[in-house]
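Inside the fold
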Amino acid sequence: MTTVTQKQVRSKSFSLAALFSRRETRPYAHPFLGGALLGIVLFLSFFITGNGLGASGGLNRIVVFIEDLIAPQHVDRVSYLLKMAGGEVNPLDNWIIPMVFGILLGGFVSGWRNGRLKAETGKGPNISVRTRWVTAFVGGAFMGYGARLARGCTSGQALSGGAVLSVGSWAFMLSLFAGAYALAYFVRKLWL
Amino acid sequence: MTIFPIPLEAELGKIGAYLIYLLIGFGFGYALEISGFGSSPKLAAQFYLRELTVLKVMFGAIVVAMVLIFAASGLGLLDYNLVWVNPTYLWPGIVGGLIMGVGFIVGGFCPGTSLVALATFKKDGLFFSLGVLFGIFAFGETVSTYETWWNSSYLGRFTLPEWLGLPTGVVVLLLVLMALFMFWGAEQLERIFGKRDLSQEPKWRYAAAGALALGAVAVVFIGQPTNLQRWEKLKTEKEPLLEQRLVQIHPGELLDSMENPRLKVILLDVRSEADYNLFHLKNARLTPMDSLLEQASELLKEPANTVFVLMSNDEAAATEAWKVLVAESVPNVYILEGGVNRWLEYFGAEDERIQPLVSAEQDNLRFAIPAALGARYPAATPDPHLYELEYTPKIKLELKRGPSGGGCG
């Protein structure tokens, strides 16, 4: 994001500038360390609240909120949307919403502490940035659709459901990995 | 009663509860970011076997959380019944998983990780997140065309120990061993396909693997509390309710509650099928004693304004059933005072076909019922306007402590 670097140049004395000033990029944590930390967060979530982690449910409610602003009557006619935003019900009044903001905040703080706040596009070496943006959008659309179909994403179903031993979550997890591996060879140009 | 999970909104208010969720989300985002999940090439490398970070982090997190959850549950700190377990809708889950697999390898993220990428200014994360929003929108607009299928193959709260017929601890141990084997395999693949030098890997990972396996073995030995053990823990708190007759509701109160639009009354008839066929209250569910435990997990999912009323011919069997359900943390469970016999005394008096028997054993039907008409006797659906019954109201809705719908509701 260019605004960040501009701010940095413009006002050196401003404390925010120090906040955003580029830190030395540190390497990622060891995967087992990251996994253990994530596992402890997941455990605490279940232990304290009884609910697991989630992300797509929050995005879902944001979409429904916007739909409800634009076409409230339409929302009141579709039973799936009705449950979240029918009549006076506010789809954003749900614990998953603060969790989504927490994810953004946590990701941001970790990226900042470790010098990984960089406006860039992650991609394979053999595709253009624009192609990557298109594939990111298309992949995201598949993800979003599939996540609602499966009643949960990688966090809400696989991670959370897996840890509390839900049969459906394990079946979902296997099928997710199967789908990705089955297609990986055919789209290798995107990544290799 | 076990303290955890905490009924957050009741204890801390909405703001406090949401603050806790914000903090948990913070930890989640932080853990994803430090693992490198904000970087799509790192995530995609999983599927070309160069770097199996996704597998290591995900399965690492699952088994660590799993061991901690079932250890806490075994030690009686955490009530597993009040933990949200994603209900199984088998085929929609599998098809959704396949579609997400496609999205993962094409788009390079999953919804949670794309948020982290977005938070660290990754432009592909932004486009992916927009794509997710579009996909979610498309789902909301199309699901009504195949809603029946979307709700099909429903197996409820169905867990691996139930499916495999093994004790929970054993399943936990097997999954930990499977994960450790997969971690070993992942490192071998990285050595072969990713040219990674394994001698550079930290030695502490052996200690961590050992600790995890020990934890799982401990979970096997601790075991999970049985219904009886759960009741023993609650006994001192709950037995007085029975003795002071605070949970036995008068037939009149039941009749009025069934008409109360603010309550959802579920009638559970724990008598024999024969008695049930002879006569039962309208909408009463035949619930044999040995199916109660199975039913409990379904009952826990009912909305917060649900009242469960147990009934037997007198009160003995219903009281036993009450203990079973209360021990499983089902809220708002009551017993029909005097059972079906008392009910018939009040509401069957004018029906000439139903005649009282002079003597009958405890908890047996004390009426002669000529035909097995079930709920088709008028006494099964008395008109509340015809009866002015006096009683002390006893139903008080408890605060719901149960899970509220997972991360995906």
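Just so you know, these numbers come straight off a predicted model, no measurement behind them. (Residues numbered from 1 in each chain as written. Chains lettered and ligands numbered in written order. Predicted model: local features only at pLDDT ≥ 70, side-chain atom pairs only at ≥ 80, totals over all residues. Heavy atoms only, no water.)

1. Regarding the interface of chain A and chain B
If you look at the interface, chain A gives 123 residues, while chain B gives 134 residues. Between chain A and chain B, the buried area comes to about 11400 Å², and carbon and sulfur atoms account for 75% of it. In terms of surface lost to chain B, no three residues of chain A exceed Phe32, Arg151 and Leu165 of chain A, which account for 7% of the buried area on that side. Viewed at the interface, chain B and chain A are joined by 4 salt bridges. We note a salt bridge from Arg132 of chain A to Asp124 of chain B, for which the minimum N-O separation is 3.0 Å. For the interface between chain A and chain B, the tally reads 44 residue pairs in polar contact (both at pLDDT 80 or more). Secondary structure elements with two or more residues in the side of chain A that touches chain B: helix 3 (31-49), helix 4 (56-70), helix 6 (79-85), helix 7 (96-113), helix 8 (129-149), helix 9 (154-163), helix 10 (167-184) and helix 11 (188-191) of chain A. (Contact = heavy atoms within 4.5 Å. Buried area = accessible area lost by both parts, 1.4 Å probe. Salt bridge = Lys/Arg side-chain N within 4 Å of Asp/Glu carboxyl O. Polar contact = N/O pair within 3.5 Å; in protein donor to acceptor, adjacent residues only side chain to side chain. Helix = DSSP H or I, 4+ residues; strand = E, 2+ residues; numbered from the N terminus.)

2. Some words on the nonpolar core
Within the largest apolar cluster, 97 residues are counted, with the highest numbers of intra-cluster contacts made by Leu38, Leu53 and Leu159 of chain A together with Ile69 and Ile105 of chain B. Per element, the largest residue contribution to this core is 16 residues, and it comes from helix 3 (residues 53-74) of chain B. When near neighbours in sequence (up to four residues on either side) are disregarded, Leu38 of chain A contacts Leu53 and Leu159 of chain A together with Phe28, Ala31, Leu32, Val57 and Ala61 of chain B. In terms of nonpolar packing, the next biggest core, distinct from the first, is built from 50 residues, Val307, Phe308, Ala318 and Phe347 of chain B among them. (Core = buried A, V, L, I, M, F, W, Y, C linked by side-chain atoms within 4.5 Å. Buried < 20%, exposed > 50% of the residue type's maximum accessible area, 1.4 Å probe, protein only.)

3. Digging into the domain arrangement of chain B
Often, the extent of an interface is quoted as the loss of accessible area on bringing the components together. Residues and elements named next belong to chain B. In terms of domains, chain B is made up of domain 1 (8-227) and domain 2 (228-386). Centre-to-centre separation of domain 1 and domain 2, based on C-alpha positions: 42 Å. Listed by partner, the interface residues are 12 residues for domain 1 and 14 residues for domain 2. In this assembly, domain 1 packs against domain 2 so that about 1100 Å² is buried in total across both faces, 40% of it on carbon and sulfur atoms. Taken together, the connections running from domain 1 to domain 2 amount to 1 salt bridge. The salt bridge partner of Asp79 is Arg230, with a shortest N-O separation of 2.7 Å. The tally of links from domain 1 across to domain 2 stands at 12 residue pairs in polar contact (both at pLDDT 80 or more). Looking at the side of domain 1 that touches domain 2 residue by residue, the class counts come to 4 nonpolar, 6 polar and 2 charged. (Domains from an automatic or database assignment. Nonpolar A, V, L, I, M, F, W, Y, C, P; charged D, E, K, R; others polar.)

4. Topic: the pattern of salt bridges
Residues and elements named next belong to chain B. Applying the stated rule across the entire model yields 21 salt bridges over all chains. Between Glu337 and Arg245 there is a salt bridge, and its shortest N-O distance comes to 3.7 Å. Highlighted residues: Glu337 in the loop between strand 7 (333-336) and helix 16 (339-347) and Arg245 in the loop between helix 11 (227-243) and strand 3 (248-249), separated in sequence by 92 residues. On the basis of relative accessible area, Glu337 is assigned to the buried category, the value being 14%. On the basis of relative accessibility, which here comes to 32%, the residue Arg245 falls in the partly exposed class. Its salt-bridge partner being Arg366, residue Glu345 comes within 3.5 Å of it at the nearest N-O pair. Within this pair, whereas Glu345 is found in helix 16, its partner Arg366 is found in the loop between strand 8 (355-356) and strand 9 (367-368), the two being separated by 21 residues in sequence. Here Glu345 falls in the partly exposed class, since its relative accessible area comes to 41%. One network of salt bridges, with partners in common, ties together Lys56, Glu190, Arg196 and Glu201.

5. Re the sheet that holds strand 3 of chain B
All names here are of chain B. An order of 3-7-6-4-5 is seen for the 5 strands of this open sheet, with the pairing classed as parallel. Of all the strands in the sheet, the pair left with one neighbour each is strand 3 and strand 5 (285-286). Pairing geometry for strand 4 (residues 264-269) and strand 5, over 2 bridges, is parallel. Bridge pairing links Leu268 to Arg285 in strand 5. Contacting strand 3, strand 4, strand 6 (306-311) and strand 7, helix 12 (residues 251-259) runs over the sheet at an angle of about 130 degrees to strand 4. Its contacts with the sheet put helix 15 (residues 316-327) on strand 4, strand 6 and strand 7, and the angle it makes with strand 7 is roughly 175 degrees. (Pairing = 2+ DSSP bridges. Axes fitted to C-alpha atoms, helices over the stretch in contact; angles between N-to-C directions.)

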